[in-house]
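# Observations on the model geometry
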Amino acid sequence: MSFEADNTNPFCRNPVERDLLAGRRIAIVGCGSFGSALADMLVRAGVGKLTLVDPELLAIENLGRHVLTRRDVGQPKVHALARRLRDINPDLEVEARWEKFRNADGLLVCCADSRRCESMVNAVSLARRVPAVFVAAYGAVRAGEVQLCVPGRTACRECFAQFREPAGPSPRAERYTDPEFDETRTPGRSGLWGSVLAVSGIAFHAILALLGVRPGPDLDRPLWIVNLDYQGFPPYAVTFASVRRGCPVCDESRIADLQVDDRPPGAITE
Amino acid sequence: MLTEARWQKEKELMQSVFPEFTPFTRVNGFGFEGYLKGSKSGCLYHITLEADQAAYPQCPPGVLMNPRIGNAWIGATDRRRLCVDREWRPARSTFANTLLAVIRYLDEFDPEPFLAS
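Residue and element names in this part refer to chain B. Strand order in the open sheet formed by four strands is β1-β2-β3-β4, with antiparallel pairing between adjacent strands. Every interior strand has two partners, whereas the edge strands, β1 (22–26) and β4 (62–66), have only one. The average undirected angle you get between the axes of adjacent strands in this sheet is 25 degrees. Both strand β3 (residues 44–52) and β4 contribute to a ladder of five bridges, which runs antiparallel. The partner of Glu50 across the bridge, within β4, is Gly62.

See the structure below:
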């Protein structure tokens, strides 16, 4: 498809997507590697309303895999990212919330490295009956995971997360001194920016599909495993998987399943 | 966010294994309280398991103990909470298995009785 060059319109190469996305609101929870990459992609695609939520400051250690730069170090990630996004589109409505997630409007995109935060996003998705997309990485971003959650239609995040291995103890010193420390955060891991972008690009298309900008996703297989070079999956490929729907968090009829022993089936026992 | 059905099930589970513990609700808070006896010292420990209605089961209940034993406590002096690693799964974990974790902690840190000569 050809396009007409327009020196005043940053969306002249994607006017259809811009028209469809300009009025949509997306909340990005967690503005680290994945969150910042997705925010950048979504604004360039034409999303007109964005909420950014993250309680952290940008550190030097983030620069290897983040859209922000050295000049932003020490700033709240959400504020620096909002500035950058307004530089791309000055008409962008962007709300920067420098805090832990409690609630937000619009499609929820969770890129947080905290299972507790994921649980909060999942709860809001279920309570407000709005879709949510969860983006995460395995190991040093050798593979990624994108889960689409549509209340009433797919499994929720907890349906899947209840079977995951524990995140493991955090190496951060704050766990011993900060009463509010979130011990469910995944310890910082290595990984390459290009790998983050590869997984984010697939997550970006999952979001477009949920928003109706691309053909609808197969909601019977809402878990997308984006494998780069991790053993056990086809290399450089996306595998679509199903997740059994229904758990005590998203389905009240399953609350009866709660037991005193909370170990998942097959969990390693002492 | 706590639902009535979840609260009823939590009470049912606690009643089945720890019937001595009583449920309570306060503004923004709810949970269970009761006493556990130290297996070595024989001391009675007042245990409170308390959660925030807006954040349960996404966040685990806090554990308060009086008297406190061991060193795994964090927070303001009058509201120190037990701070030990335990995996919390909102779709599986409950107040009852939180109390089981407290019992394991007590078994480890409850002191031997003082023997006077």
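The next point concerns the interface of chain B and chain A. Between chain B and chain A, the residue contacts involve 28 residues of the former and 35 residues of the latter. Carbon and sulfur atoms make up 60% of the surface buried where chain B meets chain A, a total of about 2,600 Å² over both sides. Linking chain B with chain A are one salt bridge, by the criterion used here. One salt bridge in this structure joins Glu87 of chain B and Arg115 of chain A, with 3.7 Å as the shortest N-O distance. At the boundary of chain B with chain A, the tally comes to five residue pairs in polar contact (both at pLDDT 80 or more). For the side of chain B that touches chain A, the elements supplying multiple residues, two or more each, are α1 (4–17) and α2 (95–109) of chain B.

Residues and elements named next belong to chain B. Relative to the helices and strands, Arg80 is located in the loop between β5 (73–74) and β6 (81–82). Here Arg80 falls in the partly exposed class, since its relative accessible area comes to 27%. Placed 38 residues apart in sequence, Arg80 and Gly42 show a C-alpha to C-alpha distance of 23 Å. Here Arg80 is in contact with Val63, Leu64, Arg68, Trp73, Ile74 and Gly75, once residues within four sequence places are set aside. Here Gly75 takes part through its backbone oxygen, which lies 3.3 Å from a polar atom of the side chain of Arg80.

For the rest of this paragraph, the subject is the packing of aromatic side chains. Residue and element names in this part refer to chain B. Evaluation of the coordinates by the stated rule reveals 12 aromatic pairs over all chains. Look at Phe30 and Phe95: their rings are 5.4 Å apart centre to centre, the planes differ by 65 degrees, and that puts the pair in the edge-to-face class. In this pair, Phe30 is assigned in strand β2 (residues 29–37) and Phe95 in helix α2, connecting sequence segments 65 residues apart. Considered together, Phe30 and Phe95 belong to a single accessibility category, that of buried residues. Seen in terms of ring centroids, Tyr56 and Phe95 are 5.0 Å apart; in terms of plane orientation they differ by 35 degrees. Their pairing is tilted. Placement of the pair is Tyr56 in the loop between β3 and β4 and Phe95 in helix α2, with a sequence separation of 39 residues.

Moving on, we get to the packing of helix α2 (residues 33–45) of chain A against helix α6 (residues 193–210) of chain A. Residues and elements named next belong to chain A. The contact between α2 and α6 brings their axes to 9 Å, and the two run at 50 degrees. When the axis of α2 is compared with that of α6, the two are oblique. Note on packing geometry: the crossing formed by α2 with α6 is right-handed. Of α6, the residues touching α2 (which contributes Ser33, Phe34, Ser36, Ala37, Leu38, Met41, Leu42 and Ala45) are Trp193, Val196, Leu197, Val199, Ser200, Gly201, Ala203, Phe204 and Ile207.

Thresholds applied
- Residues numbered from 1 in each chain as written.
- Chains lettered and ligands numbered in written order.
- Predicted model: local features only at pLDDT ≥ 70, side-chain atom pairs only at ≥ 80, totals over all residues.
- Heavy atoms only, no water.
- Pairing = 2+ DSSP bridges.
- Helix = DSSP H or I, 4+ residues; strand = E, 2+ residues; numbered from the N terminus.
- Axes fitted to C-alpha atoms, helices over the stretch in contact; angles between N-to-C directions.
- Contact = heavy atoms within 4.5 Å.
- Buried area = accessible area lost by both parts, 1.4 Å probe.
- Salt bridge = Lys/Arg side-chain N within 4 Å of Asp/Glu carboxyl O.
- Polar contact = N/O pair within 3.5 Å; in protein donor to acceptor, adjacent residues only side chain to side chain.
- Buried < 20%, exposed > 50% of the residue type's maximum accessible area, 1.4 Å probe, protein only.
- Phe/Tyr/Trp six-rings, centres within 6.5 Å; stacked < 30°, edge-to-face > 60°.
- Parallel < 35°, antiparallel > 145°, perpendicular 65-115°, else oblique.
- Left-handed = near helix turned anticlockwise from the far one by under 90°.

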